[in-house]
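# Architecture and fold: a report
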Amino acid sequence: MSPTILPMKTALGSVAFISLGCPKNLIDSETMLGNIAAEGFVVTPEYQSADVVVVNTCGFLSASRQESLDHINALLKLKAKGDIKRVVVAGCMVGNYRGMLDAEAPGVDALLSVNDRTRLSDVLRELNDSGELARSIAISDPDERGTVYDDRARLRITPRHYAYLRISEGCDHKCSFCTIPSIRGRFRSKPREQILEEARELAGDGAKELIIVAQDSTYYGLDSEGRKSVHEVLGDLAKVDGIEWIRLMYAYPTQVTDELIDLLATEPKLLAYIDMPLQHISTEVLQRMRRGSTGDTTRRLLEKMRARIPNLTLRSTFIVGFPGETEEQFNELLEFIREGHVDRAGAFPYSDEDQATSYELDGKLAPDVIEDRHRRFMELNRDVLFAANDKLVGQTIQLLVEGPSQDPKYPTMARSRADAPEIDCSALLKGHHEPGSLINARVVRSLGYDLLCEPTA
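Residues numbered from 1 in each chain as written. Predicted model: local features only at pLDDT ≥ 70, side-chain atom pairs only at ≥ 80, totals over all residues. Heavy atoms only, no water.

### Side note on the pairing of strand β12 (residues 270-275)
- Taking burial as the measure, the six residues of β12 include six buried ones, the bulk of the element.
- With respect to chirality, the unit in which strand β11 (residues 245-248) leads through helix α9 (residues 258-266) into the neighbouring parallel β12 is right-handed.
- One ladder, built from three bridges, connects β12 with strand β13 (residues 313-320); its direction is parallel. By the bridge assignment for β13, Asp275 is matched with Arg315. (Buried < 20%, exposed > 50% of the residue type's maximum accessible area, 1.4 Å probe, protein only. Helix = DSSP H or I, 4+ residues; strand = E, 2+ residues; numbered from the N terminus. Right-handed = clockwise from strand over helix to strand, strands pointing away. Pairing = 2+ DSSP bridges.)

Here it is as structure tokens:
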């Protein structure tokens with residue numbers, strides 16, 4: 001996701017905000033902005049001359065950490081020139097990679113961990129009052145089974161017609177490549193009534209689509225109720241006035257229940273779309289990843305979902321070049337993609353994270369091998385997607401209007417029910433339509449990733 005920059009101004013000084021990373025991080029940014037707004041801060045137009053700039057970092061992969069550092073160091077140059085006064089670094093990098101920040105961004109004025117994000121206004125006030133702040137402020141360890149943060153009263157970065165809704169914090173899985181549990185702590189379900197109040201608030205603010213996010217959305221309820229109950233939460237969300245689409249993200253393949261499958265098949269507002277990171281299809285690779293699944297269990301689950309959910313769209317992500325992955329195992333993954341089991345796919349080249357269990361595995365692949373496998377995966381995935389989009393020509397689909405496009409013949413940008421914002425395909429629509437409108441349209445041509453569509457009478 002590209003960085004989002006929101007400048008702010010207040011009687012205490014002006015504050016700019018740069019948000020990096022995933023939708024969960026974006027929600028963190030929105031809640032921090034909302035907390036600042038509640039303290040009386042007001043959004044202003046320019047961050048280049050701000051008194052304080054806050055960077056909400058992503059620390060999941062080395063590439064994301066480097067992106068965060070690039071933004072921080074660009075701001076520190078502005079600070080050195082006197083264009084801004086202070087730089088505050090928040091988010092996922094702070095807890096696990098403080099040493100890197102100390103070494104590579106020594107001019108940062110304050111650090112705020114993801115688990116202390118509610119303290120941002122205190123940090124800003126102290127900076128304003130004293131002009132100095134210890135870099136050690138607000139570096140808490142993730143709660144084991146503690147805080148479930150309140151995401152209400154956000155200042156939203158997303159367009160008004162859609163919003164991300166987080167239903168839990170943290171993760172209990174032990175995937176060998178992942179450091180999220182050490183950053184965000186163990187899994188904690190958000191109370192149901194809090195989720196519903198937030199959904200009503202978002203609907204009142206104009207959201208037509210709710211995109212459900214978590215580290216593992218399908219684990220919901222196991223910690224608080226002793227059972228998986230995300231299907232009940234989704235059923236309640238479908239009753240919220242004003243919400244037209246509900247999209248489920250970050251499902252874990254071993255946690256999908258029959259009740260969830262039935263709801264995906266029958267609830268009109270719950271899109272027949274599920275984002276379920278599979279990571280691989282080779283049983284041996286999945287075992288080294290500690291995913292708790294096999295190639296056979298994955299295929300059986302997908303067969304059951306396809307049989308029971310009409311027009312299912314499955315989005316998934318994969319890791320290529322994992323330690324020990326053989327050419328045969330990689331080809332098994334390519335064949336899985338070629339067979340069309342996944343409708344929307346992405347892949348990450350394996351990143352050797354020193355804080356992940358996989359760092360200790362043998363069989364590390366050379367960087368050029370990993371890069372080559374990533375290229376081959378993405379080329380095949382592109383071809384499969386383009387062929388699927390070609391088959392949509394002549395069909396009528398429902399679109400959610402995003403806003404204006406750059407095409408004078410198709411001046412409206414939209415998304416289908418099969419496409420999440422930022423990561424999936426788009427549609428170009430004839431005529432001018434209001435953002436948030438739902439339009440039935442006929443697909444007249446595929447441009448590969450984009451569809452050309454005309455409204456039906």
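### What to know about the packing of helix α12 (residues 327-338) against helix α13 (residues 367-390)
- Remark: α12 packs on α13, axes separated minimally by 9 Å, with the N-to-C direction vectors making an angle of 15°. The angle between α12 and α13 places the two elements in the roughly parallel class. Here the hand of the crossing between α12 and α13 comes out right-handed. Between α12, through Glu327, Phe330, Asn331, Leu333, Leu334, Ile337 and Arg338, and α13, the contact on the second element is made entirely by Arg373, Arg376, Phe377, Leu380, Asn381 and Val384.
- In terms of residue class, the contact of α12 with α13 is built from seven nonpolar, two polar and four charged. (Axes fitted to C-alpha atoms, helices over the stretch in contact; angles between N-to-C directions. Parallel < 35°, antiparallel > 145°, perpendicular 65-115°, else oblique. Left-handed = near helix turned anticlockwise from the far one by under 90°. Contact = heavy atoms within 4.5 Å. Nonpolar A, V, L, I, M, F, W, Y, C, P; charged D, E, K, R; others polar.)

### Remarks on the nonpolar core
- Ile212, Leu234, Leu237, Met276, Met305, Phe318 and Phe377 are the most contacted members of the largest nonpolar core, which totals 52 residues.
- Listed in part, the 29 residues of the second largest apolar core include Val15, Leu26, Tyr164 and Met249. (Core = buried A, V, L, I, M, F, W, Y, C linked by side-chain atoms within 4.5 Å.)

### Some details on the environment of Pro310
- Following the sequence through the fold, Pro310 ends up in the loop between α11 (295-308) and β13.
- For the pair Pro310 and Glu201, spaced 109 residues apart in the sequence, the C-alpha separation amounts to 31 Å.
- In this structure, Pro310 is in contact with Ala265 and Ala272, ignoring residues within four places of it in sequence.

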